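# Coordinate analysis (summary)
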Amino acid sequence: MISDAPAPLENSAKHWEMISCPVCGSESFTPLFQKQNEPFVRCESCMLVLINPRPAHNQVLHTYDHDYSEHYAIKGEKKLRRCRRWVNRVRKRYGQDGRWLDIGCSVGFVVMAAGEAGFEGHGIDVESWGIEYGRKNFHLQNLRCGTLEEQHYPDHYFKVISLYDVIEHVPDLNTLVAEIKRILAPGGVIDIITPDIGHWRVPRSLENWGEIKPSEHLYYFNRRTLSRLLQKHGLEIVKKRFNTKPALRVYVQHSN
Ligand SMILES: [Zn+2]
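The present account deals with the structure reproduced in this document. The shown structure was predicted, so the numbers you read here are calculated from the model rather than taken from an experiment. (Residues numbered from 1 in each chain as written. Predicted model: local features only at pLDDT ≥ 70, side-chain atom pairs only at ≥ 80, totals over all residues.)

With that settled, consider the overall build of the protein. Along the backbone of the protein there are seven helices and 13 strands. When the 256 residues of the protein are sorted by exposure, 37% land in the buried category. Of the contacts formed within the protein by residues at least 6 apart in sequence, a portion of 63% connects residues at least 24 apart. (Helix = DSSP H or I, 4+ residues; strand = E, 2+ residues; numbered from the N terminus. Buried ≥ 20, exposed ≤ 12 C-beta atoms within 10 Å, placed from the backbone. Contact = placed C-beta atoms within 7 Å.)

Below, the structure written as structure tokens:
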């Protein structure tokens, strides 16, 4: 199978950082295996699987280069249809008014689909090529380049915030989740899709799972670990969608 991911960076050039568990704060990890010289471990307290130590932040960001977005744009029609399905599921359940923010929007297919469905679509991505492509070719003016924290959106600004195959990539998870909580409107919803390490179709020898991606997928959640991360920040999973593929899709709202 040809992966979407670009070739990994040379390990010899990396700086490494050791982190405490972003879910529970523990510093005790059980080694699982290595892939491309990157150590995959399991937190002994909450069971989150992650890469630790891992390549330093600035080098992880470098894997999102031009090729990554271009590859994504080429598969456009299929991607757009899928985004429309995702958006419509949210619309049916939570209504179609207000602003929708797609985090990790690439060229903006989700933003476009949200606009078609009646939302005011916004998108951000750390990689500039996709943003420029979406603005120019799809006339999406609300696409911004950079991290979420850099955008300084007002409190309670968004009715819907989506993170589709994004949360597993983000170096500073707790900063991201705290910021999402701040900008989510009361009664608003966060739609998250991420690989599901707790799914029955994940191979028993984990290193053979297609979602194991050094430098790219930094964390491997199941419902319990994702729920615990969100709870720390005053958010809760209100629905988990059934999925025949090993992907976790959850709707998240403010907890009371
Ligand atoms: Zn933990």
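Having seen the model, we can carry on.
Before going further, it helps to examine the packing of helix α3 (residues 76-94) against helix α4 (residues 109-116). Viewed as axis vectors pointing N to C, α3 and α4 meet at an angle of 50°, and their least axial separation amounts to 8 Å. Here α3 is positioned oblique relative to α4, judged by the angle of their axes. Pair α3 / α4 crosses with right-handed handedness. Judged by residue contacts, Lys79, Leu80, Cys83, Arg84 and Val87 of α3 engage Phe109, Val110, Met112, Ala113 and Ala114 from α4. Looking at side-chain class alone, the contact of α3 with α4 contains eight nonpolar, no polar and two charged residues. (Axes fitted to C-alpha atoms, helices over the stretch in contact; angles between N-to-C directions. Parallel < 35°, antiparallel > 145°, perpendicular 65-115°, else oblique. Left-handed = near helix turned anticlockwise from the far one by under 90°. Nonpolar A, V, L, I, M, F, W, Y, C, P; charged D, E, K, R; others polar.)

Next up on the list: α3. Helix length check: α3 (19 residues) gives 27 Å between terminal C-alpha atoms against 27 Å at 1.5 Å per residue, within 8%. The complete set of buried residues in α3 reads Cys83, Val87 and Val90. Angularly, the buried residues of α3 cover 55° about the axis, an arc narrow enough to put them on a single face. Residues of α3 that are exposed and point more than 90 degrees away from the buried face comprise Glu77, Lys78, Arg81, Arg85, Lys92 and Arg93. Following α3 by one or two positions, glycine 95 has its phi on the positive side, about 90°. (Expected span 1.5 Å × (residues − 1). Arc of directions from axis to C-beta.)

Another point: the environment of leucine 101. With respect to the helices, strands and loops of the structure, leucine 101 is situated in strand β6 (residues 99-103). The class for leucine 101 is buried, based on 31 C-beta atoms found within 10 Å. Along the chain, leucine 101 and leucine 143 lie 42 residues apart, while their C-alpha atoms are 9.4 Å from each other. When near neighbours in sequence (up to four residues on either side) are disregarded, leucine 101 contacts His122, Phe158 and Ile161.

What follows deals with the pairing of strand β3 (residues 38-43). The side chains of a regular strand alternate between both faces of the sheet. Taken together, the six bridges between strand β2 (residues 29-35) and β3 define a ladder with antiparallel strand orientation. The partner of phenylalanine 29 across the bridge, within β3, is cysteine 43. Note: β3 against strand β4 (residues 49-51), three bridges, orientation antiparallel. Each residue of the ladder has a partner; that of phenylalanine 40, found in β4, is isoleucine 51. Hairpin geometry of β3 and β4 is characterised by an intervening segment of five residues between the two adjacent antiparallel strands and by a positive phi of about 75° at methionine 47. (Pairing = 2+ DSSP bridges.)

Now for the sheet that holds strand β9 (residues 158-164). Read across the sheet, seven strands follow the order β8-β7-β6-β9-β10-β13-β12 without closing on themselves; strand pairing throughout is mixed. The open sheet has two edge strands, β8 (143-145) and β12 (235-241), and neither has a second partner. In this sheet, neighbouring strand axes are inclined to one another by 20° on average, regardless of whether the strands run parallel or antiparallel. Strand direction decides the pairing type here: β6 and strand β7 (residues 120-125), joined by five bridges, are parallel. The residue of β7 that forms the bridge with arginine 99 is glutamate 120. Along the sheet, helix α5 (residues 128-138) contacts β7 and β8; its crossing angle with β8, the most-contacted strand, is approximately 155°.

Let us look at unusual backbone geometry. In terms of backbone geometry, most residues other than glycine have negative phi values and most peptide bonds are trans. The residue after asparagine 52, namely proline 53, is reached through a cis peptide bond having omega -5°. Note on placement: proline 53 falls in the loop between β4 and β5 (54-55). The backbone of asparagine 37 shows a phi angle near 65°, a positive value even though the residue is not glycine. Residue position: asparagine 37 is located in the loop between β2 and β3. Classification of asparagine 37 by C-beta neighbours within 10 Å gives exposed; the count is 11.

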